[in-house]
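Residue-level structural notes
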Amino acid sequence: NRSLMLPVGPGVLHVGHAGALGRWPDAVQSLRHLVQDVQLEGRSRCSMFRAALATVLSDPLSMRSLDDPVLTDWMRRHLSVVTWPTAERDSIHALAHRVVAELEPPLNVDHLRAGEMRRRLAELRRRHA
């Protein structure tokens, strides 16, 4: 809330999907790679979610860079992952877009309606570019 200067309540911050376009045929392995290797342990340039979170938390966490390990520590303490398995691999991408449209999670940057949240995130990203 402090960085964005906008209210962000508890709840869904980001909606993603894995398995439809992943490099592993096994959706569980694809999801594990996405969450653990890319978003949690990865670099901000490889994950739009991690980059948005790093941008928002950079000042409050006194991060030295968008890849500061303090972000991973914060994520481990404050975030949880909820999964919804489906056998419909071909439609998971479209389903994720519908869920984002319905819930409007604040860190799904590319899918946010033009508005104050999107403007503020873009401003923070420019500052850290």
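Here the structure is a predicted model, which is why all the values come from computation and not from measurement. (Residues numbered from 1 in each chain as written. Predicted model: local features only at pLDDT ≥ 70, side-chain atom pairs only at ≥ 80, totals over all residues. Heavy atoms only, no water.)

1. Quick notes on the nonpolar core
In this structure, Leu4, Leu53, Val56, Leu71, Met75, Leu107 and Leu121 are the most contacted members of the largest nonpolar core, which totals 17 residues. Within the residue set of this core, elements represented by two or more residues are α2 (48-57), α3 (69-78) and α5 (116-128). In this structure leucine 4 touches Val56, Met117, Arg120, Leu121 and Leu124, once residues within four positions along its chain are discounted. (Core = buried A, V, L, I, M, F, W, Y, C linked by side-chain atoms within 4.5 Å. Buried < 20%, exposed > 50% of the residue type's maximum accessible area, 1.4 Å probe, protein only. Helix = DSSP H or I, 4+ residues; strand = E, 2+ residues; numbered from the N terminus. Contact = heavy atoms within 4.5 Å.)

2. A closer look at α5
In this model, α5 (13 residues) spans 19 Å end to end at C-alpha, consistent with the 18 Å of a helix rising 1.5 Å per residue. Turning to α5, the residues buried within the fold contact α2. (Expected span 1.5 Å × (residues − 1).)

3. Notes on α3
Residues of α3 that are buried include every one of Leu71, Thr72, Trp74 and Met75, and no others. Viewed along the axis of α3, the buried residues span an arc of 160°, placing them on a single side of the element. Turned more than 90 degrees away from the buried face of α3 sit Pro69, Arg76 and Arg77, all of them exposed. Its side-chain oxygen placed 2.9 Å from the backbone nitrogen of valine 70, aspartate 68 serves as the N-cap of α3. (Arc of directions from axis to C-beta. Polar contact = N/O pair within 3.5 Å; in protein donor to acceptor, adjacent residues only side chain to side chain.)

4. A look at the confidence of the model for the protein chain
Atomic detail in the predicted coordinates should be set aside for any region of low pLDDT. Averaged over the protein chain, the pLDDT score is 79; the fraction of residues at 70 or greater is 84%. The element-level mean pLDDT for the protein chain is lowest in helix α1 (residues 27-40), coming to 74, with α3 highest at 93. (pLDDT = per-residue confidence, 0-100.)

5. Looking at the environment of alanine 18
Residue position: alanine 18 is located in the segment before α1. Given the relative accessible area of 21%, alanine 18 is considered partly exposed. C-alpha separation for the pair alanine 18 and leucine 31, spaced 13 residues apart in sequence, amounts to 5.1 Å.

6. With respect to the environment of threonine 83
Here threonine 83 is to be found in the loop between α3 and α4 (92-103). In this structure the C-alpha to C-alpha distance between threonine 83 and leucine 31, which are 52 residues apart in sequence, comes to 8.9 Å.

7. Here we look at a nonpolar patch on the surface
Together, Val12, Val99 and Leu103 line one region of the surface with nonpolar side chains, adding up to about 230 Å² of accessible area. The topology assignment puts valine 99 in helix α4. According to the relative accessible area criterion, valine 99 is partly exposed, its value standing at 31%. (Patch = residues over 30% accessible without salt bridge, like charges linked within 9 Å, V, L, I, M, F, W, Y side chains within 5 Å. Areas by Shrake-Rupley, 256 points an atom, 1.4 Å probe, with all protein chains shown as cover. Salt bridge = Lys/Arg side-chain N within 4 Å of Asp/Glu carboxyl O.)

8. Regarding the pattern of salt bridges
This structure, assessed with the given rule, holds four salt bridges. For glutamate 123, the salt bridge is made with arginine 120, and the minimal N-O distance between the two is 2.3 Å. On the criterion of helical spacing, the pair formed by glutamate 123 and arginine 120 is a turn pair, its members being three residues apart in helix α5. The exposure class of arginine 120 is buried, given its relative accessible area of 5%.

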